[in-house]
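Residue-level structural notes
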Amino acid sequence: MKKSSIVIAGGGSTFTPGIVMMLLDHLKRFPIRQIKFYDNDAQRQETIAKACAIVLRERAPEIEFSYTTDPQEAFTDIDFVMAHIRVGKYAMREKDEKIPMKYGVLGQETCGPGGIAYGMRSIGPIIEIIDYMEKYSPNAWMLNYSNPAAIVAEATRRIRPQSKIINICDMPVGIEERMAEILSLPNGRKDMDITYYGLNHFGWWTAIHDKQGNDLMPQIKAHVAKHGYIVNPDNHAETEASWNDTYAKAKDVYAIDPDTLPNTYLKYYLFPDYVFAHDNKNPDHTRANEVMEHRERNVFAAANDIINKNTAKDCAFHSDEHASYIIDLAEAITFNTNAKMLLIVKNDSAISNFDPTAMVEIPCIVNKNGYQKISIGEIPQFQKGLMEQQVSVEKLVVDAWINGSYQKLWQAISLSKTVPSVSVAKNILDDLIEANKDYWPILK
Ligand code: NAD
Ligand code: G6P
Ligand code: MN
């Protein structure tokens with residue numbers, strides 16, 4: 001069996017240990033000969049890397065491991081780049097969330113003005129990583145889950161149209177796991193055959209069947225109409241209150257179109273007034289603060305503990321099983337499995353009544369030649385209208401980045417369904433420019 005060589009770009013990420021533990025759990029179906037970490041923050045990466053080196057030494061000494069900030073070292077001799085960088089780190093996420101709130105607009109890392117600001121930061125560094133990959137390992141694939149995936153996907157389509165990059169998101173996976181729990185399916189979400197379409201963080205399930213072809217939608221809908229995607233809390237002790245709010249709000253998101261089941265992220269576009277009022281009760285403490293106080297603190301404490309004890313026995317790193325969709329993807333490409341997966345890809349004619357150049361999230365069949373899109377056909381007016389507005393926001397952001405255009409970015413923010421007026425958009429934009437001056441191109 002082929003053994004793959006992987007570089008994790010964003011080696012210092014809070015998700016890196018969970019991904020490494022998960023990779024170790026799946027070595028039988030996706031064997032690995034080498035893991036490398038790459039980051040542009042040597043110090044942050046070193047803590048995570050030293051701890052992971054101990055984990056690998058104890059659990060899989062046959063895997064070669066190294067970490068570096070040098071692109072040539074990182075990207076030479078690899079089959080996959082697994083990319084999860086956060087350009088500007090949590091300090092900038094906090095600004096993305098807090099600046100719009102000063103002007104009465106919700107603050108979210110990937111939706112609305114916050115996501116637009118993050119997109120403007122991410123495009124350049126993602127292109128840089130693609131270029132390193134193509135220079136040092138021209139046959140490799142980049143599996144990208146760095147956010148904001150919608151804007152990153154549109155940018156790579158425009159700027160590097162021939163590159164071997166696949167953009168993917170874990171939110172549908174997470175929601176499907178909850179659906180499987182509602183249905184008590186023995187093998188979880190893999191017992192379901194689904195149809196879904198939309199943009200990233202902006203989509204709907206239209207059909208869900210079991211492997212015998214029985215319709216599972218009615219039972220899931222009955223649950224979502226009452227509880228949203230809240231399932232037995234005993235199985236989700238680690239889920240924080242803010243995420244529980246989002247899963248619960250899916251009940252109201254569902255109500256506007258009971259023909260489909262919604263992605264949780266639609267709450268930001270369909271209930272922006274509610275989200276703002278709710279979050280504005282504590283505007284100095286947003287999700288970025290929560291993540292810094294919990295996930296970041298816990299992951300780095302666990303890493304330091306492993307380093308100090310020089311062993312990972314009984315360590316607090318745990319496998320992020322949820323992230324095994326990344327293995328499904330790498331396995332499908334390496335071993336030609338023809339797995340059906342939701343990917344963020346160019347529409348062409350998959351959604352027949354939608355912009356062929358849009359980057360849409362739809363089911364695809366993945367194999368060693370890449371992916372084939374599954375045709376969706378026509379979508380209803382409600383979804384089409386929402387998606388046309390949102391995809392225009394995403395395209396205008398990329399226009400603004402490529403052309404250094406203030407006007408295009410002002411239009412992008414104004415067009416977001418989360419923003420009430422052009423004047424509010426301008427105020428937010430002017431603050432975001434100031435906050436992002438180390439990261440954005442100069443806008444004229
Ligand atoms: P984090 O800040 O802990 O980690 C990101 C790492 O990227 C940091 O170590 C940082 O130094 C590094 N980095 C930043 N710019 C870089 C560059 N130009 N080159 C190399 N490295 C760079 O963030 P996190 O919360 O762990 O999230 C990481 C990323 O994964 C984010 O983009 C997040 O949105 C994304 N994510 C995506 C999904 C999904 O479903 N698509 C799920 C979870 C997380
Ligand atoms: C989901 C989304 C990701 C996003 C994450 C944020 O998993 O699919 O795209 O990065 O949520 O989670 P956080 O815990 O960082 O707020
Ligand atoms: Mn996502």
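Residues numbered from 1 in each chain as written. Chains lettered and ligands numbered in written order. Predicted model: local features only at pLDDT ≥ 70, side-chain atom pairs only at ≥ 80, totals over all residues. Heavy atoms only, no water.

Going by an unreviewed UniProt entry, the protein carries the name Maltose-6'-phosphate glucosidase and comes from Pectinatus brassicae.

Within the element layout of this structure, Cys364 appears in strand E11 (residues 359-367). Through-space distance from the C-alpha of Cys364 to that of Val345 is 8.8 Å; in sequence the pair is 19 residues apart. In this structure, Cys364 is in contact with Ala339, Lys340, Met341, Leu343, Val345, Tyr371, Gln372, Lys373 and Ile374, ignoring residues within four places of it in sequence. (Helix = DSSP H or I, 4+ residues; strand = E, 2+ residues; numbered from the N terminus. Contact = heavy atoms within 4.5 Å.)

Here the focus is the pairing of strand E2 (residues 32-38). With six of its seven residues buried, E2 lies for the most part within the structure. Bridge count between strand E1 (residues 4-9) and E2: six bridges; the pairing is parallel. Bridging from a neighbouring strand, Ser5 pairs with Gln34 of E2. For the crossover that starts at E1, traverses helix H1 (residues 16-25) and ends in the parallel E2, the hand is right-handed. Across five bridges, E2 lies against strand E3 (residues 64-68) in parallel orientation. (Buried < 20%, exposed > 50% of the residue type's maximum accessible area, 1.4 Å probe, protein only. Pairing = 2+ DSSP bridges. Right-handed = clockwise from strand over helix to strand, strands pointing away.)

For the rest of this paragraph, the subject is the sheet that holds strand E9 (residues 261-262). Spatial ordering of the open sheet is given by E7-E8-E9, a layout of three strands whose pairing is antiparallel. Of all strands in the sheet, those with a lone pairing partner are strand E7 (192-199) and E9, marking the two edges. Bridge analysis of strand E8 (residues 202-210) against E9 gives two bridges, and the strand direction is antiparallel. Residue pairing in the sheet places Trp205 in a bridge with Leu261 of E9. Most of the contacts of helix H14 (residues 381-403) go to E7, to which it runs at about 60°, and overall it touches E7 and E8. (Axes fitted to C-alpha atoms, helices over the stretch in contact; angles between N-to-C directions.)

This paragraph deals with the site of ligand 2. Lining the immediate surroundings of ligand 2 are Arg93, Glu109, Asn147, Cys169, Asp170, Met171, His201, Trp243, Tyr265, Arg287, Val291 and Arg295. Residue Asn147 places a side-chain N or O atom 2.7 Å away from an oxygen atom belonging to ligand 2. Side-chain polar atom of Arg287 to an oxygen atom of ligand 2: 2.6 Å apart, as the coordinates give it. Taking 390 Å² as the accessible area of ligand 2 by itself, protein coverage stands at 87%. Here the shell around ligand 2 gets three residues from one element, more than from any other, and that element is helix H12 (residues 287-309). (Near = heavy atom within 4 Å. Polar contact = N/O pair within 3.5 Å; in protein donor to acceptor, adjacent residues only side chain to side chain. Areas by Shrake-Rupley, 256 points an atom, 1.4 Å probe, with all protein chains shown as cover.)

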